[in-house]
Every structure is written in structure tokens, then in C-alpha cells.
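The lines below spell out each chain.
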Amino acid sequence: MTSTAVDPSGTPIPTSSVLIAASKHIAVRCRAENMAFIKCKRKDQNPEKCLDKGREVTHCVLSLLKSLHQTCPKEMDAYAGCLYYHTNEFEFCRKEQEAFEKVCPISE
């Protein structure tokens, strides 16, 4: 894993470890976008019909990752790095998770 959750231009790098580290934040902050996408998919199985909703989810997640990295880069990187090192196994990274969620609390 790279030492940071963003590339040199400031664009978030959504690796599996970064996404898992931010998953609770994503669930809360991108809930409306995710629900709209799910409703669209249930309504119409044609993938092309929900591309706009999918882009909205992606935009929400990337914006959130960028915001988290600006607010608590050290803690986010430590948590994502621990998850990466331990193959995304939460139980080995509780200390890093606690530090991350303390500095960047989950909120709407």
C-alpha cells in the first residue's frame, strides 16, 4: 500500500483497505446516493439505466475520502495501512480504528 490515501494531485485512491477503513463513514454520508442506486437497480435490471445513480455514488465516496484525508490523514492512513497489512482483518486493527474514529467521528 502507498503511504497515503491520495495521489500527488490530491485525488483519493480507493483501494479495498481505504474503502473498508471508511466504510462506516460511507454508509452514513453516502446513504441517500446508495439507496437511490439500489432503488434504480431494483426497478430496472438494465445496467445502463442506473449509470447516473452509480456516478453519484462514486462522486460521494471520492469526495468523502478526500474530506477524510484532509481532516485526519495520519489516522486514516494508519488504519488503512493496518488493514492492508493484515489483509483487511478488522480484529488486528482496532487500535487504529479507534484513533481514526476519534479524530474523524462518523456523522451525517
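This section reports on the structure supplied with the text. Just so we're clear, the structure is a prediction, and the values are computed from it rather than from any experiment. (Residues numbered from 1 in each chain as written. Predicted model: local features only at pLDDT ≥ 70, side-chain atom pairs only at ≥ 80, totals over all residues. Heavy atoms only, no water.)

### Topic: the packing of helix 4 (residues 51-71) against helix 5 (residues 73-85)
Phase 1 of the analysis: Where helix 4 meets helix 5, the axes come as close as 5 Å, and the angle between the chain directions of the two elements is 115°. Considered as vectors, helix 4 and helix 5 are oriented roughly perpendicular to each other. Between helix 4 and helix 5, the residues in contact are Leu 65, Leu 68, His 69, Gln 70 and Thr 71 and Pro 73, Met 76 and Asp 77, respectively.
Phase 2 of the analysis: Class assignment for the residues of the contact of helix 4 with helix 5 results in four nonpolar, three polar and one charged. (Axes fitted to C-alpha atoms, helices over the stretch in contact; angles between N-to-C directions. Helix = DSSP H or I, 4+ residues; strand = E, 2+ residues; numbered from the N terminus. Parallel < 35°, antiparallel > 145°, perpendicular 65-115°, else oblique. Contact = heavy atoms within 4.5 Å. Nonpolar A, V, L, I, M, F, W, Y, C, P; charged D, E, K, R; others polar.)

### Description of the environment of Lys 102
Phase 1 of the analysis: Turning to its location among the elements, Lys 102 is positioned in helix 6 (residues 94-103).
Phase 2 of the analysis: Sequence separation of Lys 102 and Ile 13 is 89 residues, and the distance between their C-alpha atoms is 22 Å.

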